Amino acid sequence: MKAVQLVNPARPLELREIEVPKIGPLDLLVRVKAAGICHSDAHYRAGRSKADPLPMALGHEVAGLVESIGGAVDGFKRGDRVCIHYMTTCGGCSYCRAGDDQFCASGAMIGKSRPGGYAEFIAIPARSAFPLPEEIPFEHGAIMMCSSATSLHALKKARLRPGESVAVFGAGGLGFSAIQLAKGLGASEVFAVDIHPGKLEMAKSFGAFPVNASSTDSISEIKKLTGGRGVDVALELIGLPMTMRQAVRCLAIKGRAALAGITEKTLEIAPYDEVLNKEAEIIGVSDHLAQELPLLIAMVQQRKLDLSKAITRTVPLEAKQINQVLDDLESSGENIRTVIRM
Ligand SMILES: [Zn+2]
Ligand SMILES: [Zn+2]
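Figured I'd write up the structure that's included with this text.

Cut-offs and rules
- Residues numbered from 1 in each chain as written.
- Chains lettered and ligands numbered in written order.
- Predicted model: local features only at pLDDT ≥ 70, side-chain atom pairs only at ≥ 80, totals over all residues.
- Heavy atoms only, no water.
- Pairing = 2+ DSSP bridges.
- Helix = DSSP H or I, 4+ residues; strand = E, 2+ residues; numbered from the N terminus.
- Axes fitted to C-alpha atoms, helices over the stretch in contact; angles between N-to-C directions.
- Contact = heavy atoms within 4.5 Å.
- Buried < 20%, exposed > 50% of the residue type's maximum accessible area, 1.4 Å probe, protein only.
- Phe/Tyr/Trp six-rings, centres within 6.5 Å; stacked < 30°, edge-to-face > 60°.
- Lys NZ or Arg CZ within 6 Å of the ring centre and 35° of its normal.
- Donors = N, O, S within 2.8 Å, 3.2 Å for Na, K, Ca; no water.
- Tetrahedral: all angles 85-135°; square planar, octahedral: opposite > 155°, others 65-115°.

Turning our eyes to something else, we now look at the sheet that holds strand β13 (residues 209–212). Taken together, six strands build an open sheet; the order of strands is β13-β12-β11-β14-β15-β16 and the sheet is parallel. The open sheet has two free edges, formed respectively by β13 and β16 (281–284), since each of these has just one partner strand. Pairwise comparison of adjacent strand axes, ignoring direction, gives a mean angle of 20° for this sheet. Bridging between strand β11 (residues 165–169) and strand β14 (residues 231–236) involves four bridges; their strand directions are parallel. In the strand pairing of β14, Phe169 is matched with Glu236. Against the sheet, helix α5 (residues 197–205) contacts β12 (189–194) and β13, and its axis sits at roughly 170° relative to β12.

The subject of this paragraph is unusual backbone geometry. As a rule of thumb, non-glycine residues mostly have phi less than zero, and peptide bonds are mostly trans rather than cis. That bond from Asp52 to Pro53 is cis: its omega, 5°, falls within 30 degrees of zero. Among the structural elements, Pro53 can be located in the loop between α1 (39–46) and β4 (56–57). In this structure, the amide linkage connecting Leu54 to the following residue, Pro55, adopts the cis form with an omega of -5°. Here Pro55 is to be found in the loop between α1 and β4. Residues other than glycine seldom take positive phi values, yet Ala10 does so here, at roughly 65°. Secondary-structure assignment places Ala10 in the loop between β1 (2–6) and β2 (14–17).

Inspection of the secondary structure puts Thr243 in helix α7 (residues 241–249). Thr243 sits in the buried class, given a relative accessible area of 7%. Apart from the residues lying within four places of it in its own chain, the contact partners of Thr243 are Phe169, Glu236 and Ile238.

The next subject is the packing of aromatic side chains. Counted by the stated rule, this structure contains three aromatic pairs. Against the face of Phe138 rests Arg81, its NZ or CZ located 4.2 Å from the ring centre.

Once that is clear, we can look at the environment of Ser40. Along the chain, Ser40 turns up in helix α1. Expressed as a C-alpha distance, the spacing of Ser40 and Ala234, which sit 194 residues apart in the sequence, is 24 Å.

Moving on: the coordination of the zinc ion (ligand 1). Coordination of the zinc ion (ligand 1) by the protein involves Cys38 (SG), His60 (NE2), Glu61 (OE) and Cys146 (SG), with metal-donor separations of 2.1 to 2.3 Å. In this structure, the zinc ion (ligand 1) is surrounded by four donor atoms whose angles at the metal cover 99 to 127°, and the resulting shape is tetrahedral. Read in sequence order, the donor residues coordinating the zinc ion (ligand 1) give the pattern C-x21-H-E-x84-C. Highlighted residues: Cys38 in the loop between β3 (27–37) and α1 and Cys146 in helix α3 (residues 138–157), separated in sequence by 108 residues. One exposure class covers both Cys38 and Cys146, and it is buried.

Before going further, it helps to spend a moment on the pairing of β3. Of all 11 residues in β3, nine are buried; the element is thus mostly enclosed. Looking at chain direction, β3 and strand β9 (residues 121–125) are connected through five bridges and run antiparallel. Note on β9: the bridge partner recorded for Arg31 is Phe121. By the bridge criterion, seven bridges tie β3 to strand β5 (residues 62–69) in an arrangement that is antiparallel. Directly across from Val30, in β5, lies its bridge partner Val66.

With that settled, the discussion passes to the coordination of the zinc ion (ligand 2). Within the first shell, the zinc ion (ligand 2) binds the protein through Cys90 (SG), Cys93 (SG), Cys96 (SG) and Cys104 (SG), at distances of 2.3 to 2.4 Å. The motif formed by the donor residues of the zinc ion (ligand 2), counted along the single chain, is C-x2-C-x2-C-x7-C. On the basis of relative accessibility, which here comes to 16%, the residue Cys93 falls in the buried class. Given a relative accessible area of 10%, Cys96 falls into the buried group.

Just distances and angles here, no functional claims.
Shown next as structure tokens:
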């Protein structure tokens, strides 16, 4: 089969002819129909984040058709449409049994620690495959397995209840989904905080109230818009200590700030005023859970999450074009979402 692999870090990906992977009794072989090209893939190619072992087909946002089925697998038949949870897990360790599968002792990410979807076929444990309804195109089934799933996990970690208000800091890749999912889960109001007019416009088109942090103080604006109360839930999706602190400071009494943006820098908090006095909570968010994916798929099926504007182009399984997309991701901060279509 054809696979576009990372052979040497900091070198272009290469199209290679390799063996179709063998499957074990608990696995599925999936014929890949769509694979999202994610910003993380640019980090793996550059060697800033390590894909191992090499050579490795990248690609952790994958949807396709079941091609063959391991002898001990129930519930799938050849030709089933599926999307793939990017973390393969054992199902038996204490974390998996508790439903915290992102901490699985033997968890492996496809396209990073085991072969991914930049290939004609991928072998995965059947427990990583989720039925993809006919109404959802493969391209959407692929890209929702990464940033959309993490946005939903952030809202779940923040325990958003219907009727509560939400502030989303960062209306980019994660925010695009988070705004729509918050609405879909019954949020009364969603405030989208960003400094890019285009992203704020997009947020507005999904029913969020735009807060332009380049021309206004986002905390006082959110307080003003909520009658001085603040929001019940704030999501930080950027990864800056400044916006993390704003997410905490704009909370109402008993508000929850879920932090999903990544930074190594220190976050300063004034404990009494900003957390203790209002019994606020600061919650860490990492990846997402397999058990959340059926809800995400249902929300896309019900059009509560519209991904039709998310994909800017498609490319074939071809090294030159995929490398070009990764070059573009390296040089641009824009939300460009490209999907490999097979
Ligand atoms: Zn991704
Ligand atoms: Zn496990």
